[in-house]
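Per-entry structural report
As a plain string of letters, each chain reads:
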Amino acid sequence: MRNNLVKRINPAVNNKLLRHVNPAGKKRIIRRTVPARQPNVIVHKQSNGIKFRNSEVANKFNPAMLDLGNLNTPCEEKGAIAAVFDITDFTKFCNQVDAYLEIPRFLNYFLKWFFDCIVQGLTEEDDGEKSTFWADLPMLVKFLGDGLLIVWNTQRVAADQACRLVATLYNICRAYSNDFYPQINTVVNKPPGILRCGIARGRVFSIGNGRDYVGHCINNASRLSHMDGLTFAFPHRGFQVREYLPEKYAKFFVQKYVDIKGVGENEMVWVVREEFERLPEEKKKQYRTVDAAAEMIELQ
């Protein structure tokens, strides 16, 4: 019995048994392998995304959405006056509570008022049935999301008419603050209080047979509509202010030189005198008088 007990607990005997069961004396590890993917084989996974037929994609998303007409039509170059109107703080207005109710109401009133102002400003005579305009209606009006782009063809616009157009657009900006805003403020909650405008003259190129226009003067007008602290500005280039701007309007403006990003350095512009005088001294430093600008050119 003792010998049997010794054999039972003898390690050597047990090792022989282990070697018999697992001759290598190691653990067996079983690995699952994924078969190698054959080249050019696409694996389709189940997706919960939005599904479209390929033909539907072409119909739902294509350049026709831009409504630019036939883009193969050659560009036509035209002389133009571009005006960009910016509804100041329109984004802030859109972020208010229940904005989905206020936005369409404001735009409905504003756009009707704005178009009426353009027509009235261009009207020379109105006998109730027919109207005589002193200048053509705009050839393009485009909603920009927070403002409007207006473009006139200057083929039949004389130098005095260009300055008269400046005065007309200035009147619209003043009328917004003095007339339209007090009224809309009783109908719409927290409407934008200021309408800015930048004007420029130059050449434009038609897109899609006149569906849209591009040109440096449009970019220039946009820059001028965002002059810090000012609501109305236009360049000296293209507008003979001293010769043709009516005296009752000329007194409202002052000539300055300023660097305009994307346009040029020492650009001569006309800004509203009263607004400029209210600017903080730090912002006034951006602008230079005629003498200061001349001295800077001489130093260069």
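Positions within a chain are numbered from 1, following the residues in the order the chain's sequence is written. Residues qualify for local features only when their pLDDT is at least 70, as the model is predicted, and side-chain atom pairs are given and counted only at 80 or more; totals for whole chains, interfaces and linings, by contrast, use all residues. No hydrogens and no water enter the side-chain calculation; it runs on all heavy atoms of the structure.

Thoughts on a nonpolar patch on the surface
Stated precisely, the cut-off is as follows: Patch building starts from residues that exceed 30% relative accessible area and form no salt bridge, then joins like charges within 9 Å and nonpolar side chains (Val, Leu, Ile, Met, Phe, Trp, Tyr) within 5 Å. Throughout, the Shrake-Rupley method with a 1.4 Å probe supplies accessible areas, and for residues the shown protein chains are the sole cover considered. For this document, the term salt bridge refers to a Lys or Arg side-chain nitrogen within 4 Å of an Asp or Glu carboxyl oxygen. We count a stretch as a helix when DSSP gives it H or I for four or more residues in a row; a strand needs E for two or more, and each element gets its number in order from the N terminus.
A surface patch of nonpolar side chains, amounting to about 610 Å² of accessible area, comprises Ile50, Phe52, Val57, Phe61 and Met65. Note that Phe52 resides in the loop between helix 2 (11–21) and helix 3 (54–60).

Some details on empty space enclosed by the protein
Put simply, the test is: Here a cavity means grid points, on a 1 Å grid over the protein atoms only, where a 1.4 Å probe fits yet cannot get out; a pocket means an open set of points with protein on both sides within 12 Å along at least five of seven lines; lining residues are those with an atom within 4 Å of a point. Grid points are joined across faces, edges and corners, and a volume is the space filled by probe spheres set on the points. Only Asp, Glu, Lys and Arg are considered charged in this grouping, and only Ala, Val, Leu, Ile, Met, Phe, Trp, Tyr, Cys and Pro are considered nonpolar; every other residue, Gly among them, is considered polar.
With the rule as written, the count across this model stands at one cavity of 30 Å³ or more. Size it by volume and the largest cavity reaches roughly 30 Å³. Contributing to the lining of the largest cavity are Trp134, Ala135, Trp152, Val157 and Leu165. Taken together, the residues of the lining of the largest cavity sort by class into five nonpolar, no polar and no charged.

Details of the nonpolar core
Applicable threshold: Among buried residues, those of type Ala, Val, Leu, Ile, Met, Phe, Trp, Tyr and Cys that are joined through side-chain atoms within 4.5 Å constitute a nonpolar core. Relative accessibility decides the category of a residue: with a 1.4 Å probe and only protein chains considered, values under 20% of the type maximum give buried, values over 50% give exposed, and everything between is partly exposed. The contact definition used throughout considers only heavy atoms, calling two residues in contact when any of these lie within 4.5 Å.
Phe85, Phe106, Phe110, Trp113, Leu169, Ile199 and Phe232 are the most contacted members of the largest nonpolar core, which has 46 residues in total. Elements with a contribution of two residues or more to this core: strand 1 (77–87), helix 4 (90–94), helix 5 (99–122), strand 5 (147–153), helix 6 (159–184), strand 6 (195–207), strand 8 (232–235) and strand 10 (264–272). Element by element, the count of residues in this core is highest for helix 6, at 13 residues. Phe232 has contacts with Val166, Leu169, Tyr170, Cys173, Cys197, Ile199, Phe253, Trp270, Val271, Val272 and Glu275, leaving out every residue within four places of it along the chain.

Looking at a negative patch on the surface
The line we're drawing: Asp and Glu count as negative and Lys and Arg as positive, but His and the ends of the chain are not part of the count. Every charge is mapped to an atom, namely NZ of Lys, CZ of Arg, CG of Asp or CD of Glu.
Taken together, the side chains of Glu125, Asp126, Asp127 and Glu129 make up a negatively charged region of the molecular surface. For Asp127, the location among the structural elements is in the loop between strand 2 (123–126) and strand 3 (131–133).

So, the packing of aromatic side chains
Threshold: Under the pairing criterion, centres of Phe, Tyr and Trp rings, with the six-membered ring standing for Trp, must be within 6.5 Å; the plane angle then separates stacked pairs below 30 degrees from edge-to-face pairs above 60, leaving the rest tilted. Placement of a positive charge over a ring is assigned whenever Lys NZ or Arg CZ falls within 6 Å of the ring centre and within 35 degrees of the normal to the ring plane.
A complete count under the given rule lists 23 aromatic pairs for this structure. Judged by centre distance (5.4 Å) and plane angle (70 degrees), the ring pair of Tyr170 and Phe232 falls under edge-to-face. Of this pair, Tyr170 sits in helix 6 while Phe232 sits in strand 8, placing them 62 residues apart in sequence. With respect to burial, Tyr170 and Phe232 carry one shared label: buried. Their ring planes at 80 degrees and their centres at 5.7 Å tell us that Phe234 and Phe239 sit as a pair that is edge-to-face. Phe239 matches Phe234 in its accessibility class, with the two residues each being buried. Connected via pairs of aromatic rings, a cluster forms that spans Phe85, Phe90, Phe93, Phe106, Phe110, Trp113, Phe114, Phe115, Tyr176 and Phe180. We note Lys284 situated over the ring of Phe276; from NZ or CZ to the ring centre the distance is 5.8 Å.

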